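Each chain, letter by letter, is given below.
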Amino acid sequence: MASVVHSANVTVTDQRCTDPVVLNLWHPIAAVLELEPGGEHRSRLLGAHLTYGITSVGDLWASADGQELPVIERYGYLWTSLGSPEGGDSLGIPFEIPEAHEPDRRNMNAGSFQVATSAPRAIENFLDMGHFPYVHTDLLGVEPHTEVADYQVDIHDGEIWATDCLFFQPVAAASATGGQISEYTYRVPHPFCVMLYKNVPTDPSRRDVIAIFVQAMTEETVRVHNFYSMVDETTSDNGLRRFQQVIFSQDKPILENQRPTKLPLDPRVETPIRADQSAIVYRRWLTELGLTYAVIPA
Amino acid sequence: MALTLYSYDLSVNCYKQRLLMSILGLDYETVLVDFFPGLEHKGEAFKAINPLGHIPVLIDRPDDGDGDDFVLRDAHAILVYLAAQYDESGQWYPTTNARLLGEVSQWMLFAEGTTNTASAARLHDNLGYDFNIDEVRAGAHRLFRVLDEHLWFREQEGQEWVCSASHPTIADLAIFPDVILSEEGGISRLDYPALRRWTDRVRRLDGFVLMPGIQPV
């Protein structure tokens, strides 16, 4: 577990990030609705000590160790950067989620939870369907329906897309009334953000969006912002949040027990199986981006 | 009677009630409180139910609408009421055995300590609550060491549970959640083997239910 050590023995995980790829990204910090107007909130980002908030007139702000930072609001969250986020890198611009702008969508933060893991481990866990029957038993999966059918993984416009992901789910969402074969599409538009699109139980022509925006507090501690953009007229906000929070809490101990905590990018270090195709592509993609923070480079 | 529990899935204190009610086979309704991130328990509507602004709260409503609702707050008080009122075996809260009842009360107070240390560390690490993390972790280790030693001596006497009885009591259920989720607060149980064996025994109880974050044995 990472710790804050103010001495000569500063642990590697708590050092301020020097990786320009990560520094120049926008990073999610907090759900704007949860900020107290006029208040000052504290957190960590890439090893730096952050303060941030919203003024009494509604202006967002953030600073790191006394230095003012750029801020934007997207999807209900405050985002900031420790580098130059508009430096021409397409990854530097916060990605678009067109569905979230539809008028009948319910967008919300289902909860921001700290986890003792690295950001890329959290992303990989989200991409993995193989653990559903074992970790999310009777919700996202159930034995003996454990097979992960082959799916397609491609890189389009600098983002990873995994399509045709089919899996039997007893309770796929808060609004589900019985088991269904869910079809997922996964998308990784940012090294530390991942989302999935899944068919709406009550209207299969549309897709719910469930995302995690991961705030790398240090290399081995994160805060995971659970973003929901749902088509669901009946379930209360609280009911939707509850579903996601239960799922997330089931993942947490698994994530915290993975070793090494940082993600190894060398394909020979952890032996993948076919079902891990999206993880294989994700690790290769991070290597090609030249990302070195919170990973063990190949 | 009709029981209603104001509850949040990720709260250890609410889980204690769900665990006992499951073991006793009681039916109840749940009112979900948006504890996080909504802080509903701090809002005016909830404070009309519990002015202290915390969960869980139990309401026991007479069936025929005759008589007033019985409203009770505080996790350990609710365990006492549920066991005293609904446990026909009399084992979970043994009101007729003064010494045993004293022990149950003693270990229920101990559970207040594990909640204020181990579970506080969990709130710090999971939700960013502002506790002195080194202090609460050290406090949890002090309590875990005492309990581990106590359970080890109990095992030497052929006994499996916290109090001096051949069966578990609500004291076991009051302490268990803080212990089993301690790693979420950065508190390892590696050095407490008797404590670990006891958590296995609790998880094998008839009617045991999981809460998110707890693994089956």
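Residues numbered from 1 in each chain as written. Chains lettered and ligands numbered in written order. Predicted model: local features only at pLDDT ≥ 70, side-chain atom pairs only at ≥ 80, totals over all residues. Heavy atoms only, no water.

Participant: Which residues make up the interface of chain B and chain A, and what values go with them?
Facilitator: Taken residue by residue, the interface counts 23 residues in chain B and 20 residues in chain A. Across the chain B to chain A interface the summed buried area is about 1700 Å²; carbon plus sulfur atoms make up 51%. On the chain B side of the contact with chain A, B:L32, B:P37 and B:N126 bury the most area, a combined 27% of that side's loss. One can count 2 salt bridges joining chain B with chain A. Between A:R241 and B:D34 there is a salt bridge, with the nearest N and O atoms lying 2.3 Å from each other. Linking chain B to chain A there are 9 residue pairs in polar contact (both at pLDDT 80 or more). In terms of residue count, helix α4 (residues 98-127) of chain B provides more of the side of chain B that touches chain A than any other element does, 4 residues in total. Split by residue class, the side of chain B that touches chain A holds 8 nonpolar, 7 polar and 8 charged. (Contact = heavy atoms within 4.5 Å. Buried area = accessible area lost by both parts, 1.4 Å probe. Salt bridge = Lys/Arg side-chain N within 4 Å of Asp/Glu carboxyl O. Polar contact = N/O pair within 3.5 Å; in protein donor to acceptor, adjacent residues only side chain to side chain. Helix = DSSP H or I, 4+ residues; strand = E, 2+ residues; numbered from the N terminus. Nonpolar A, V, L, I, M, F, W, Y, C, P; charged D, E, K, R; others polar.)

Participant: Lay out empty space enclosed by the protein in plain terms, naming residues and giving numbers.
Facilitator: Residues and elements named next belong to chain A. Under the criterion given, the structure shown has 2 cavities of 30 Å³ or more. The calculated volume of the largest cavity comes to roughly 230 Å³. Considering the residues around the largest cavity, the lining is formed by 20 residues, among which F126, L140, Q244, I247 and D251 are closest to the centre. For the lining of the largest cavity, the elements supplying multiple residues, two or more each, are α2 (119-127), β12 (193-200), β13 (203-218) and α4 (237-256). Among the elements that take part in the lining of the largest cavity, α4 stands out by supplying 6 residues, more than any other. Tallied by class, the residues present in the lining of the largest cavity amount to 13 nonpolar, 5 polar and 2 charged. The volume enclosed by the second largest cavity comes to roughly 50 Å³. (1 Å grid on protein atoms, 1.4 Å probe; cavity = no way out; pocket = protein on both sides within 12 Å on 5 of 7 lines; lining within 4 Å. Points joined across faces, edges and corners; volume = space filled by probe spheres on them.)

Participant: Quick one: what's the story with the side chain of A:Q215, residue by residue and with numbers?
Facilitator: Residues and elements named next belong to chain A. Relative to the helices and strands, Q215 is located in strand β13. Judged by its relative accessible area of 0%, Q215 falls in the buried class. Within the structure, Q215 has its side chain in polar contact with the side chain of H225 (distance 3.0 Å). With residues up to four places along the chain from it excluded, the contact list for Q215 reads P28, I29, S43, R44, L45, T221, V222, R223 and H225. (Buried < 20%, exposed > 50% of the residue type's maximum accessible area, 1.4 Å probe, protein only.)

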